[in-house]
Amino acid sequence: MQDISSQTHTACEECDLLIAVPAVAEGERAECPRCGHTLTQRPRQGFERSLSFALAACVFFAISLAFPFLTLANGGIENVMTLPEASIAIWREQDPVLAVIVFLAIIALPIALIGTIIALVTPLVLNKQAAWLPGVGKLMFGLNDWAMVDVFVIGTIVSLVKIAKLATVILGLSFWAYILFAICLTASLSGLDRLQVWKAIDAATP
Ligand SMILES: [Zn+2]
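As the structure is a prediction and not an experimental result, all values here were calculated from the model. (Residues numbered from 1 in each chain as written. Predicted model: local features only at pLDDT ≥ 70, side-chain atom pairs only at ≥ 80, totals over all residues. Heavy atoms only, no water.)

Caption draft 1: Representation of the overall build of the protein in the model. The helix and strand inventory of the protein stands at 7 helices and 7 strands. For the protein, the N- to C-terminal ordering of α and β elements is β-β-β-β-α-β-β-α-α-α-α-β-α-α. Dimensions of the protein along its principal axes, counting C-alpha atoms only, are 75 × 40 × 30 Å. Out of the 206 residues in the protein, the part that is buried amounts to 35%. Long-range contacts, defined here as pairs at least 24 residues apart, represent 59% of the contacts in the protein between residues at least 6 apart. Taken as a whole, the protein presents about 11900 Å² of accessible surface, with 64% of it coming from carbon and sulfur. Averaging the positions of the 12 positive and the 16 negative side-chain charges in the protein gives two centres separated by 2 Å. (Helix = DSSP H or I, 4+ residues; strand = E, 2+ residues; numbered from the N terminus. Buried < 20%, exposed > 50% of the residue type's maximum accessible area, 1.4 Å probe, protein only. Contact = heavy atoms within 4.5 Å. Areas by Shrake-Rupley, 256 points an atom, 1.4 Å probe, with all protein chains shown as cover. Lys, Arg positive; Asp, Glu negative; His and termini not counted. Charge placed at Lys NZ, Arg CZ, Asp CG, Glu CD.)

Okay, structure coming up:
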């Protein structure tokens, strides 16, 4: 029988069963006794891995902003576009609302998300106390619900398949860097189990 103070009560996301989640050790995970859904998991060196992937994501993101995203070639005319130019081009096409959504989805939100992951995980990895950790934690999980990097990557690939019928599409360095950025960001987030992050935040808040 676990000490009640080391347990957290939560409702299973899948079947709503109210469960006292036991403390899990590194490398362990707790699952719902009714439906088997993973309630919480603590990957080995999860925070260290999250931080490494977030830093790698930063590098790939910088590369994807700096280099051409794609080149469209049609009848001898070449049109080179960088990632920031995508939203500028949509703005010029008289659709400011879509331009802002695209800018938020592909540039602003991902930058804010990586920034908050690094701000949150760095003190946890270094075992430092920080009074602002709960605020950053809330912000990080809030942004995570809104950032749609994976949706953007899939949307881009679908659009490219359509455009490829009309013009020759040459993928730039930025395109591949953005895919690597999306993979690193996803990998970084996968090490951040909500329950474990909040436990660590509680322990690291003075
Ligand atoms: Zn369940």
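On we go.
Caption draft 2: Spotlight on the coordination of the zinc ion. Coordination of the zinc ion by the protein is provided by Cys12 (SG), Cys15 (SG), Cys32 (SG) and Cys35 (SG), with metal-donor distances spanning 2.3 Å. The coordination sphere of the zinc ion comprises 4 donor atoms, whose angles at the metal cover 104 to 115°; the geometry is tetrahedral. Donor residues for the zinc ion sit on one chain with the sequence pattern C-x2-C-x16-C-x2-C. On the criterion of sequence distance, the pair formed by Cys15 in the loop between strand S1 (8-11) and strand S2 (18-21) and Cys32 in the loop between strand S3 (29-31) and strand S4 (38-41) is long-range, its members being 17 residues apart. For Cys15, a relative accessible area of 22% corresponds to the partly exposed category. Accessibility expressed as a relative area gives 3% for Cys32, which makes it buried. (Donors = N, O, S within 2.8 Å, 3.2 Å for Na, K, Ca; no water. Tetrahedral: all angles 85-135°; square planar, octahedral: opposite > 155°, others 65-115°.)

Caption draft 3: Representation of empty space enclosed by the protein. Throughout the structure, instances matching the rule amount to 1 cavity of 30 Å³ or more. The space that makes up the largest cavity amounts to roughly 30 Å³. Lining of the largest cavity is provided by Phe69, Val153, Thr156, Phe175, Tyr178 and Ile179. Elements with a minimum of two residues in the lining of the largest cavity: helix H5 (149-163) and helix H6 (173-190). No other element matches the 3 residues that H6 contributes to the lining of the largest cavity. Considered class by class, the residues forming the lining of the largest cavity number 5 nonpolar, 1 polar and no charged. (1 Å grid on protein atoms, 1.4 Å probe; cavity = no way out; pocket = protein on both sides within 12 Å on 5 of 7 lines; lining within 4 Å. Points joined across faces, edges and corners; volume = space filled by probe spheres on them. Nonpolar A, V, L, I, M, F, W, Y, C, P; charged D, E, K, R; others polar.)

Caption draft 4: Structural view of the environment of Ala177. Of note, Ala177 is situated in helix H6. Note on Ala177: relative accessible area 5%, which makes it buried.

Caption draft 5: Summary view of the pairing of strand S6 (residues 77-82). Direction of pairing for strand S5 (residues 68-74) relative to S6: antiparallel, over a ladder of 6 bridges. Within S6, the residue paired with Ala73 across the bridge is Glu78. Between S5 and the antiparallel strand that follows it, S6, lie 2 residues; Gly75 among them carries a positive phi value of about 55°. (Pairing = 2+ DSSP bridges.)

Caption draft 6: Inspection of the confidence of the model for the protein at higher detail. Looking at the protein, pLDDT values average 87 and 97% of them are 70 or higher. Per-element confidence in the protein ranges from a low mean pLDDT of 77 for H5 to a high of 95 for helix H1 (residues 46-66). The low-confidence segment residues 1-5, where pLDDT is below 50, has 4 contacts with residues more than four positions distant or belonging to other chains. (pLDDT = per-residue confidence, 0-100.)

Caption draft 7: Looking closely at the domain arrangement of the protein. Segmentation of the protein into domains returns domain 1 (1-42) and domain 2 (47-193). Look at where the C-alpha atoms of domain 1 and domain 2 centre, and you get two points 33 Å apart. (Domains from an automatic or database assignment.)

Caption draft 8: Spotlight on the side chain of Thr71. Following the sequence through the fold, Thr71 ends up in strand S5. Judged by relative accessible area, which is 11%, Thr71 ranks as buried. Contacts of Thr71, omitting those with residues within four sequence positions, involve Glu78, Asn79, Val80, Thr168, Val169 and Ile170.

Caption draft 9: Here's a closer look at the pattern of salt bridges. One pass over the structure, following the stated rule, counts 2 salt bridges. A salt bridge links Arg29 to Glu31; the shortest N-O distance between them is 2.8 Å. By relative accessible area, Glu31 is classed as partly exposed at 43%. (Salt bridge = Lys/Arg side-chain N within 4 Å of Asp/Glu carboxyl O.)

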